[in-house]
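Here's the letter readout for the chains.
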Amino acid sequence: QVQVVESGGGLVQPGGSLRLSCAASGSIADMWAMGWYRQAPGKQRESVASITSGGRSNYGDSAKGRFAISRDNGENTVYLQMNSLEPEDTALYFCYAFVKLDSNSDYFNYWGQGTQVTVSS
């Protein structure tokens, strides 16, 4: 019953920038964290960035120094600002929300369907 929707992907030249958005909605009792993974053809799924409801962020090695994750004030929305993009960043980017649907249940990840980022000359 949780919907996670990404947007903002597209085609960009090497060295360019994109900002991805992700909004989570539905029957959410508590939000713990949201973040991004990506998967390119022939590669394993890779963690990109995450941020907790308290504002603590983490980045995968490939994102450090180039990407920045942020959250909307008081809303279940996160953004991924991607700068200095390289062809190696080409992938399908998935957003997740780590939430619980009931106050007495466990936290689970809910995933969006992905937004494609293509970096090419």
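The text that follows walks through the structure, step by step, so that each part is easy to find. (Residues numbered from 1 in each chain as written. Predicted model: local features only at pLDDT ≥ 70, side-chain atom pairs only at ≥ 80, totals over all residues. Heavy atoms only, no water.)

Even without being glycine, Ser84 reaches a positive phi, approximately 50°. Mapped onto the elements, Ser84 comes out in the loop between strand E8 (77-82) and strand E9 (91-100). (Helix = DSSP H or I, 4+ residues; strand = E, 2+ residues; numbered from the N terminus.)

Glancing now at the sheet that holds strand E3 (residues 18-26). In spatial order, the strands read E1-E3-E8-E7; together these four strands make up an open sheet with antiparallel pairing. Each of the sheet's edge strands pairs with one partner strand only, and the pair in question is strand E1 (2-7) and strand E7 (67-71). Strand-to-strand twist across the sheet, computed as the mean angle between neighbouring axes with direction ignored, equals 15°. In the sheet, E7 pairs with E8 via five bridges, with the strands oriented antiparallel. By the bridge assignment for E8, Phe67 is matched with Met82. (Pairing = 2+ DSSP bridges. Axes fitted to C-alpha atoms, helices over the stretch in contact; angles between N-to-C directions.)

The subject of this paragraph is the packing of aromatic side chains. Scanning all chains against the criterion turns up five aromatic pairs. Their ring planes at 65° and their centres at 5.5 Å tell us that Tyr37 and Trp111 sit as a pair that is edge-to-face. Residue Tyr37 is located in strand E4 (residues 30-39), and its partner Trp111 is located in strand E10 (residues 108-111); the two are separated by 74 residues in the primary sequence. Judged by relative accessible area, which is 33%, Trp111 ranks as partly exposed. Of the aromatic side chains, those joined through ring pairs into one cluster are Trp32, Phe98 and Tyr107. The ring of Tyr37 has Arg45 sitting right over it, with the charged end atom 4.4 Å from the ring centre. (Phe/Tyr/Trp six-rings, centres within 6.5 Å; stacked < 30°, edge-to-face > 60°. Buried < 20%, exposed > 50% of the residue type's maximum accessible area, 1.4 Å probe, protein only. Lys NZ or Arg CZ within 6 Å of the ring centre and 35° of its normal.)

Here the focus is the state of the cysteines. Any covalent bond linking the sulfur atoms of two cysteines counts as a disulfide. A full pass over the atoms with the stated rule returns one disulfide. Here Cys22 engages in a disulfide with Cys95; their sulfurs sit 1.9 Å apart. Every disulfide takes its handedness from the sign of the S-S torsion; for Cys22 and Cys95 that torsion is -85°, giving left-handed. Pair noted here: Cys22 is in strand E3 and Cys95 is in strand E9, with a separation of 73 residues, a long-range link. Like Cys22, the residue Cys95 is buried in the burial classification. (Disulfide = S-S within 2.5 Å.)

Further remarks concern the nonpolar core. Counting 28 residues, the largest nonpolar core has Met34, Trp36, Val48, Phe67, Leu80, Met82 and Tyr93 as its most contacted members. Of all the secondary-structure elements, those providing two or more residues to this core are E1, E3, E4, strand E5 (46-52), E7, E8, E9 and strand E11 (115-119). Ranked by residue count, the leading element in this core is E9, at five residues. When residues no more than four places from it in sequence are discounted, the contact partners of Leu80 are Leu18, Arg19, Leu20, Trp36, Val48, Ala49, Phe67, Ala68, Ile69 and Tyr93. (Core = buried A, V, L, I, M, F, W, Y, C linked by side-chain atoms within 4.5 Å. Contact = heavy atoms within 4.5 Å.)

A few words now on the pairing of E4. Sheet analysis places E4 next to E9, joined by nine bridges and oriented antiparallel. From the neighbouring strand, Gln39 faces E9, where its bridge partner is Leu92. As defined by bridge partners, E4 adjoins E5 across six bridges and the pair is classed as antiparallel. Each residue of the ladder has a partner; that of Arg38, found in E5, is Glu46.

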